[in-house]
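A structural walkthrough
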Amino acid sequence: EAQVTQNPRYLITVTGKKLTVTCSQNMNHEYMSWYRQDPGLGLRQIYYSMNVEVTDKGDVPEGYKVSRKEKRNFPLILESPSPNQTSLYFCASMGQGNSPLHFGNGTRLTVT
Amino acid sequence: DQQVKQNSPSLSVQEGRISILNCDYTNSMFDYFLWYKKYPAEGPTFLISISSIKDKNEDGRFTVFLNKSAKHLSLHIVPSQPGDSAVYFCAASGSGNTPLVFGKGTRLSVIA
């Protein structure tokens, strides 16, 4: 089944403790992206990647890092999480041309 | 500056009636528009799209209308069903694999 898989689904952590949210897609998509969803703000793009070893900042990249060492994986790294990064995070991937984004089921992160 | 705007945070509609969700955009370079539907605890799923060379695209109960001169698109759901209750995001992009820009979403409630 074609899908985008994020782990973990839920994560509670403390300020300053490094964490990684993994994302994997099995559709051989070149484009991958991370979004965060916050009440009243909709979906805001954090980082995206057009291909392996190519990453670019989205609208809200501060406090986040990503890597794209292989096509299927696009982990989101929070080196020193802060409470304002408490949010619902979505990974997504997209094929060539005008094809729609496929989203994972989300990771709800709470930073205390 | 918001490039994609959904000015109604919520909408309530009686079952069987028409739901109309609106979206405005400011970037005249956008040429591909999509609607996503999101249930709680799930990632957004693609619903319907339209390219700027068309003014209407229909898929079953769902129709998207595009008015390029007004930079406005709308999603019509007829007839509305309780299972349509969800948050609907409008999104837009330019040519090639340019990042999708999302609106803040409209929460649709279909009342039985």
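How each quantity is defined
Residues numbered from 1 in each chain as written. Chains lettered and ligands numbered in written order. Predicted model: local features only at pLDDT ≥ 70, side-chain atom pairs only at ≥ 80, totals over all residues. Heavy atoms only, no water. Helix = DSSP H or I, 4+ residues; strand = E, 2+ residues; numbered from the N terminus. Rg over C-alpha atoms; globule rule 2.2 N^0.38 Å. Buried < 20%, exposed > 50% of the residue type's maximum accessible area, 1.4 Å probe, protein only. Contact = heavy atoms within 4.5 Å. Areas by Shrake-Rupley, 256 points an atom, 1.4 Å probe, with all protein chains shown as cover. Lys, Arg positive; Asp, Glu negative; His and termini not counted. Charge placed at Lys NZ, Arg CZ, Asp CG, Glu CD. Salt bridge = Lys/Arg side-chain N within 4 Å of Asp/Glu carboxyl O. Polar contact = N/O pair within 3.5 Å; in protein donor to acceptor, adjacent residues only side chain to side chain. Nonpolar A, V, L, I, M, F, W, Y, C, P; charged D, E, K, R; others polar. Pairing = 2+ DSSP bridges.

**Here's the deal with the overall build of chain B**
- Counting its secondary structure elements, chain B contains zero helices and eleven strands.
- Reading the helices (α) and strands (β) of chain B from amino to carboxyl end gives β-β-β-β-β-β-β-β-β-β-β.
- Against the globule reference of 13 Å for 112 residues, chain B gives a C-alpha radius of gyration of 13 Å, in line with a compact fold.
- Once the C-alpha set of chain B is aligned to its principal axes, its extents read approximately 40 × 30 × 20 Å.
- For chain B, buried positions account for 46% of its 112 residues.
- Considering only intrachain contacts with a sequence separation of at least 6, the fraction spanning at least 24 residues in chain B is 54%.
- When the accessible surface of chain B is totalled, it reaches about 5300 Å², and 50% of it is carbon and sulfur.
- When the 11 basic and 9 acidic side-chain charges of chain B are each reduced to a single mean position, those positions are 4 Å apart.

**With respect to the interface of chain B and chain A**
- Taken together, the 16 residues of chain B in the interface contact 23 residues of chain A.
- There are zero salt bridges connecting chain B and chain A.
- Between chain B and chain A we count three residue pairs in polar contact (both at pLDDT 80 or more) in total.
- A per-class count over the side of chain B that touches chain A returns ten nonpolar, three polar and three charged.

**Observations regarding the pairing of strand E7 (residues 62-67) of chain B**
Residue and element names in this part refer to chain B.
- Judged from the four bridges that link them, strand E6 (residues 56-59) and E7 form a sheet pairing that is antiparallel. Residue pairing in the sheet places Lys56 in a bridge with Phe65 of E7.
- In this antiparallel pair of consecutive strands, E6 and E7, the connection spans two residues, and Gly60 shows a positive phi of 65°.
- Both E7 and strand E8 (residues 72-77) contribute to a ladder of six bridges, which runs antiparallel. Its bridge partner being in E8, Asn67 is matched across the sheet by His72.

**Some points on unusual backbone geometry**
- The linkage connecting Asn7 of chain A with the following residue, Pro8 of chain A, adopts the cis geometry, with an omega of -5°.
- Mapped onto the elements, Pro8 of chain A comes out in the loop between strand E1 (4-7) and strand E2 (10-13).
- Residues Val78 of chain B and Pro79 of chain B are joined by a peptide bond in cis, for which omega reads -10°.
- With respect to the element layout, Pro79 of chain B can be found in the loop between E8 and strand E9 (86-93).
- One non-glycine residue, Ala41 of chain B, adopts positive backbone phi at about 65°.
- Along the chain, Ala41 of chain B turns up in the loop between strand E4 (32-38) and strand E5 (45-51).
- Residue Lys71 of chain B is not a glycine yet carries a positive backbone phi of 50°.
- By the secondary structure assignment, Lys71 of chain B is in the loop between E7 and E8.

**Notes on the side chain of Ser67 of chain A**
Residue and element names in this part refer to chain A.
- The residue Ser67 is located in the loop between strand E7 (65-66) and strand E8 (76-78) in this model.
- Relative accessible area serves as the criterion here: at 19%, Ser67 is assigned to the buried category.
- The contacts of Ser67, once residues within four sequence positions are left out, are Asn73, Phe74 and Pro75.

**Regarding the side chain of Ser93 of chain B**
- Checked against the element boundaries, Ser93 of chain B lands in strand E9.
- Apart from the residues lying within four places of it in its own chain, the contact partners of Ser93 of chain B are Met29, Phe30, Asp31, Tyr32, Thr98, Pro99 and Leu100 of chain B.

**Some words on the pattern of salt bridges**
- Scanning the entire structure with this criterion turns up seven salt bridges over all chains.
- Its salt-bridge partner being Asp84 of chain B, residue Lys37 of chain B comes within 3.9 Å of it at the nearest N-O pair. Of the two residues, Lys37 of chain B sits in strand E4 while Asp84 of chain B sits in the loop between E8 and E9, which places them 47 residues apart along the sequence. Summarising the burial analysis for this pair, Lys37 of chain B and Asp84 of chain B share the class buried.
- Residue Lys56 of chain B is joined to Glu58 of chain B by a salt bridge in which the shortest nitrogen-to-oxygen separation is 3.9 Å.
- What makes Lys56 of chain B partly exposed here is its relative accessible area of 42%.
- Each of the salt bridges in this network shares a partner with another, and the network as a whole consists of Lys18, Lys65 and Glu79 of chain A.

So, to be careful, I would describe these as geometric facts and stop short of saying anything about function.
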